[in-house]
Amino acid sequence: MKVADIVTHCGKLFDDLSFSAVKDWKAAVPGRKAVGYMPVYVPRELIHAAGMLPVGIFGGGDQLEVIQGDAYYQSYICRIPRSTIELGLTGRLDVLDGMLFPSICDVIRNLSGMWQILFKDKYVRYFDVPQNYQDAVGGEFYVNELKVLRDDLAKLAGRPVTDDDLRKSISIYNENRRAIDALYEYRAQKPWQAPTAEVYLVLRAGLVLPVEEHTKLVREYIAAADASPRAKRDNARVVLTGAFCEQPPLGLIKSIEMAGCYIVDDDFMLCFRWLIGDVPLEGDPLVNLSGAFLHRSAATASKYDEKKADKGRPLVESVKHYGAEGVIFAAPSFCDPALLERPMLQGVLAKHKIPYTAFKYAENTGQMAPIREQAGTFADSIKLWSAA
Amino acid sequence: MSTQPVNAAALGGAKPKAPVQKEDAMWLQKEMINANYAELASAHQTGRKVSATFVPGNLNELLMCFDFARSLPETNALQNGMRKKSGKMIMDAEREGHSEDVCTYVKADLGMMMGGKGPTGDPLPTPDVLLLSYTGCFTFMKWFELIRQKYDCETVMLHVPYQGDGHINKNMRDYVVKQIKENVIPTLERVSGVKFDIDRLRGYMRESAKSEENLVRVLQSAKHRPSPIDGYFGAVYYIGPIFTAFRGMPEATKYYDALWHEVSERMRLGKGPITPDGEMADEQYRLVVEGPPNWTSFRDFWKMFSDEGAVVVASTYAKVGGVYDFGFRHDPEHPIESLAEYCLGCYTNLNFPQRIDMICKYIDEYQADGLLINSIKSCNSFSAGQLLILREVEKRTGKPAAFIETDLVDPRYFSAANVKNRLESYFQMVKAKRVAAAAH
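Residues numbered from 1 in each chain as written. Chains lettered and ligands numbered in written order. Predicted model: local features only at pLDDT ≥ 70, side-chain atom pairs only at ≥ 80, totals over all residues. Heavy atoms only, no water.

### Comments concerning the overall build of chain B
Scanning chain B from terminus to terminus reveals 16 helices and twelve strands. Taken over C-alpha atoms, the radius of gyration comes to 21 Å for chain B, in line with the 22 Å a tight globule of 440 residues would show. If one aligns the C-alpha atoms of chain B with their principal axes, the spans along those axes are about 70 × 50 × 40 Å. Scored against the burial criterion, the 440 residues of chain B give a buried share of 65%. For chain B, the computed accessible surface area is about 15200 Å², with 52% contributed by carbon and sulfur atoms. Mean positive and mean negative side-chain charge positions of chain B (53 and 55 charges, respectively) differ by 2 Å. (Helix = DSSP H or I, 4+ residues; strand = E, 2+ residues; numbered from the N terminus. Rg over C-alpha atoms; globule rule 2.2 N^0.38 Å. Buried < 20%, exposed > 50% of the residue type's maximum accessible area, 1.4 Å probe, protein only. Areas by Shrake-Rupley, 256 points an atom, 1.4 Å probe, with all protein chains shown as cover. Lys, Arg positive; Asp, Glu negative; His and termini not counted. Charge placed at Lys NZ, Arg CZ, Asp CG, Glu CD.)

If you want it as structure tokens, here you go:
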């Protein structure tokens, strides 16, 4: 497939707020089930091992008219819970047999209880993760939480989820993680060949496609992108951070790129890159998933940093690893985790003399001119400094 | 009951106000809080270490075992709010780069720390240890990370899992117990240089249980007609010692004895609650309130209720530092397990169905006319989803509910005229419902 065809396909999946791909997947084999999950991380391996389709529900974007959802929230609450409720109340999520609400912030946490009340016939679980990273303390708690989730999903699926089922799923997700890592590496090496507006759509497809299909799609995109040379620009290389939950509109990503920035790393859809490297296949699969979570997982604002020195280190490493020249803090308005984290990360960047800029957005932000101007000024300043 | 003239200049206001009237127990708790600030101010000079921890899930008895002087950041922020000092502190923090969107308790605290002085004007030393009781509020985690980042404080995390399924299970309890034993106690021993003594902990917990017993009696006195207390504005004073640095101290036991004595006497005499303007003579409305109060205009806010004869008979805020009225007591026989249960059971650690059940129960048991939600801009833990609470409670109880919006300690978010309008409309609605009910 050509790049344009892949991107068009992914764009259609992205635009489809009725989740036709999920409906089609379910319809292909009677009895199939799908379970939704919100940002930032759930172990999708468990859903997969139960023979069900994990479906990422990352808000309604800028195309969904939110009417009912707004009636549930005050003006000072972020957008993603409103659009998610809108998706639910308008029947768009009827295709899901269950919903998982990960531990990310108080808003999503509370949404789990609201979902229990609003959608009484669905399986709903608040998925807690440890903030203590010792195997015998947080690890033991987490393994037990995983057991409960596995048992619940087995009940929903109507069949047991064995350790071998789980190992197979872990192996399949390891492959997906490798493909996505390869995509990120490729984009960082040749960002003009793989613009983030495209990479983003390819990643988004992974929210609704079966993981095997998504892995194939990612590999195809890398090959297709590399096969059709594009013009290289003198853009500033930036890491974008803060967008790990409510997603920016696609237009915002395009605006940043049009303003003269190459995004070489980001935290969109962190769930795909949460576990770093392969999860081992030998031994107890739940213990392996736990170990990966505790010791080899992404740093983000919803996780506790045990030591002061840990704060911002992964961001600085990302800047170095991907050869970035600056950082853009792009956080959703009223996002407590991202906005409380931001001054700490900015302090660390300042110590490392890494330039940064910051702005807020909402998933339905319509006016891109101010963001384009700010990103453009930032890119210019980087280029001027580096020239000096 | 006694009065004390208000020094308007000290409160930052130009117009002198009428003397504030308070119950004797209210004055007593004020003395206790001021004494604690004095203790904190001199802690380092007297060789004591200082701890900071949050109100929900605070392990006060445990901290006392290590001789810490104890600071509670939310209490500092609210005290600054009541003293009209928080506005500047918040703006100072915003100038330092903190977003206008985030919790004003955090910004008031950071602003206060920049100034180095606590609410009473005494110096407030940088804590030697931050006990991060991560209970029912995501922001707590970031809050102490921010303090650690700036002041390099030793920090120990106590992660308290959320009651997503509406109950406490063994896995959650064991996890909290393990953290207390393997992380919290060793850290506190190391920072303080004091060896942990479980019998000392048991002793404090015995005292805690006595105070808890009396607090519940006081709060439940509001079931009586007329209610001898206000279970929201008044309860702020009643929960002060037990939710903060005093639970487990003999002083707290004494305070709750005195308080219960005072309240039971008022109940016997058929008297209403003491408001800042005096005793409320005529109880017109009985309300349940969800959400924390506004602190910057606390007295004016209360007056909007008391002027209309509205008494809050129960509030969820009075359970934020511990839900005691459904039976929980600190248990000296199982001290660590009991501390874990306490943390897990705090109000904001309950899931939505539990919160709605609790409010409906209050409306029923306290014979309330309806529910009022004070939605706080700063507090997503409380506020996110409160409009669903409102609908569900109305649906289940048939009682009218209303919604107002304020903030904790940011004076920019308290619009007295708007709040008053909403309240007056609400009271009319309650009255109309009564008339309609009487007609049937």
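Next comes the rest of the description.
### A short note on helix α8 (residues 196-205) of chain A
Residues and elements named next belong to chain A. Burial of α8 is extensive: ten of the ten residues sit out of reach of the surface. Looking only at α8, the buried set comprises T196, A197, E198, V199, Y200, L201, V202, L203, R204 and A205. For α8, the secondary structure elements touched by its buried residues are α1 (3-15), α7 (163-189), α9 (211-227), α10 (250-258) and β6 (261-265). (Contact = heavy atoms within 4.5 Å.)

### Thoughts on the interface of chain B and chain A
Counting residues at the interface gives 56 residues for chain B and 54 residues for chain A. Interface of chain B and chain A: buried area, both sides summed, is about 4800 Å²; carbon and sulfur atoms make up 54% of it. On inspection of chain B and its partner chain A, the count reaches seven salt bridges. Across the salt bridge formed by K308 of chain A and D152 of chain B, the nearest N and O atoms sit 3.5 Å from each other. Applying the counting rule to chain B against chain A returns 41 residue pairs in polar contact (both at pLDDT 80 or more). Of the residues belonging to the side of chain B that touches chain A, the class tally is 22 nonpolar, 20 polar and 14 charged. (Buried area = accessible area lost by both parts, 1.4 Å probe. Salt bridge = Lys/Arg side-chain N within 4 Å of Asp/Glu carboxyl O. Polar contact = N/O pair within 3.5 Å; in protein donor to acceptor, adjacent residues only side chain to side chain. Nonpolar A, V, L, I, M, F, W, Y, C, P; charged D, E, K, R; others polar.)

### Quick word on unusual backbone geometry
Residues and elements named next belong to chain A. The amide bond that connects P39 to the next residue, V40, takes the cis arrangement and shows omega of 20°. Checked against the element boundaries, V40 lands in the loop between β1 (34-37) and α3 (44-49). The phi torsion at M269 lies on the positive side, around 45°, for a residue other than glycine. On the secondary structure map, M269 appears in the loop between β6 and α11 (285-295). The backbone of K353 sits at a positive phi, close to 55°, despite the residue not being glycine. Summarising the element assignment, K353 is placed in the loop between α13 (336-351) and β8 (356-361).

### Thoughts on the pattern of salt bridges
Residues and elements named next belong to chain B. Under the criterion given, the structure shown has 60 salt bridges over all chains. One salt bridge in this structure joins K210 and E207, with 3.0 Å as the shortest N-O distance. With K210 and E207 both in helix α8 (residues 198-220) and three residues apart, the pair spans about one turn of that helix. Classification of K210 by relative accessible area gives partly exposed; the value is 44%. The class of E207 is buried, set by a relative accessible area of 17%. In this structure, R355 and E290 form a salt bridge, with 2.6 Å as the shortest nitrogen-oxygen distance. With a gap of 65 residues between them, R355 in helix α13 (residues 352-365) and E290 in strand β9 (residues 285-290) connect regions that are remote in the sequence.

### Some thoughts on the packing of helix α5 (residues 104-115) of chain B against helix α6 (residues 139-151) of chain B
Residues and elements named next belong to chain B. For the pair α5 and α6, interaxial distance at closest approach is 10 Å and the crossing angle is 20°. Looking at the two axes, α5 sits roughly parallel to α6. For the element pair α5 and α6, the recorded crossing hand is right-handed. On the side of α5, the interface is formed by Y105, V106, D109, L110, M113 and M114, while α6 contributes T139, W143, L146, I147, K150 and Y151. A breakdown of the residues in the contact of α5 with α6 according to their chemical character gives nine nonpolar, one polar and two charged. (Axes fitted to C-alpha atoms, helices over the stretch in contact; angles between N-to-C directions. Parallel < 35°, antiparallel > 145°, perpendicular 65-115°, else oblique. Left-handed = near helix turned anticlockwise from the far one by under 90°.)

### Details of the domain arrangement of chain A
All names here are of chain A. Assigned domains within chain A: domain 1 (29-165) and domain 2 (231-387). Between the C-alpha centres of domain 1 and domain 2 there is a distance of 24 Å. Taken together, the contact pairs 37 residues of domain 1 with 29 residues of domain 2. When domain 1 packs against domain 2, close to 3100 Å² is buried across both sides, 67% of that on carbon and sulfur atoms. Of all residues in domain 1, V40, Y41 and Y133 bury the most surface against domain 2, accounting for 24% of the area lost on that side. (Domains from an automatic or database assignment.)

### Section: the sheet that holds β1 of chain A
All names here are of chain A. Spatially, β2-β1-β3-β4 is the arrangement adopted by the four strands of the open sheet, whose pairing is parallel. A strand with exactly one partner marks an edge of an open sheet, and here the two such strands are β2 (53-56) and β4 (123-127). Put simply, the sheet's adjacent strands are angled 25° from each other on average, direction ignored. Here strand β3 (residues 98-102) pairs with β4 via five bridges, running parallel. Its bridge partner being in β4, L100 is matched across the sheet by R125. Across the face of the sheet, helix α5 (residues 106-118) comes into contact with β3 and β4 while running at roughly 155° to β3. (Pairing = 2+ DSSP bridges.)

### Description of the pairing of strand β11 (residues 370-376) of chain B
As a general feature of sheets, a regular strand has side chains that alternate between the two faces. All names here are of chain B. Counting buried residues in β11 gives seven out of seven residues, a clear majority hidden from the surface. By the alternation rule, side chains of β11 split into G370, L372, N374 and I376 and L371, I373 and S375, which are all buried. Two strands pair when backbone bridges link them, and β11 and strand β12 (residues 401-406) are joined in this way by six bridges, in the parallel orientation. Across the sheet, residue N374 finds its bridge partner in β12, namely I404.

### Notes on the pairing of β8 of chain A
All names here are of chain A. Of the two faces of β8, the one holding T357, F359 and Y361 is buried and the one holding Y356, A358 and K360 is not buried anywhere. Bridge count between strand β7 (residues 326-332) and β8: six bridges; the pairing is parallel. When the sheet's bridge partners are listed, A330 is paired in β8 with F359. Read as a crossover between parallel neighbours, the route from β7 over α13 to β8 is right-handed. (Right-handed = clockwise from strand over helix to strand, strands pointing away.)

### A few points about the nonpolar core
With 304 residues, the main nonpolar core has Y221 and I256 of chain A together with L62, Y105, Y238, F305 and Y317 of chain B as its most contacted residues. The residues that make up this core include at least three from each of domain 1 (29-165) and domain 2 (231-387) of chain A. Setting aside anything within four residues of it in sequence, one finds Y105 of chain B in contact with E74, A77, L78, W143, W295, Y317, L408 and V409 of chain B. (Core = buried A, V, L, I, M, F, W, Y, C linked by side-chain atoms within 4.5 Å.)

### What about the sheet that holds strand β5 (residues 236-241) of chain A?
Residue and element names in this part refer to chain A. With parallel pairing, the four strands of this open sheet are ordered in space as β6-β5-β7-β8. Two strands bound the open sheet, and with one partner strand each, they are β6 and β8. Taking each pair of neighbouring strands and ignoring which way they run, the sheet shows an average axis angle of 35°. The pairing of β5 with β6 spans four bridges and is parallel. From the neighbouring strand, R237 faces β6, where its bridge partner is Y262.

### Some words on the confidence of the model for chain B
Predicted coordinates in regions of low pLDDT should not be interpreted in detail. Counting all residues, the mean pLDDT for chain B is 94, and 95% of those residues have values of 70 or more. In this model residues 4-14 of chain B is a low-confidence stretch, pLDDT under 50, and it forms 15 contacts with partners more than four residues away in sequence or in other chains. (pLDDT = per-residue confidence, 0-100.)

### Notes on the packing of aromatic side chains
A complete count under the given rule lists 41 aromatic pairs over all chains for this structure. With a centroid separation of 5.0 Å and 75° between ring planes, the pair formed by Y126 of chain A and Y162 of chain B is classed as edge-to-face. Placement of Y126 of chain A in strand β4 and of Y162 of chain B in the loop between β6 (154-159) and α7 (170-192) is noted, with the two residues assigned to different chains. For the pair formed by Y126 of chain A and Y162 of chain B, the shared burial category is buried. Relative to W302 of chain B, the ring of F298 of chain B lies with its centre 6.0 Å away and its plane at 70°, an arrangement referred to as edge-to-face. Pair noted here: F298 of chain B and W302 of chain B are both in helix α11 (residues 298-306), with a separation of four residues, about one helical turn. Neither residue differs from the other here; F298 of chain B and W302 of chain B are each classed as buried. When the ring centre of W25 of chain A is taken as origin, the NZ or CZ atom of R32 of chain A, which lies over that ring, is 4.2 Å away. (Phe/Tyr/Trp six-rings, centres within 6.5 Å; stacked < 30°, edge-to-face > 60°. Lys NZ or Arg CZ within 6 Å of the ring centre and 35° of its normal.)

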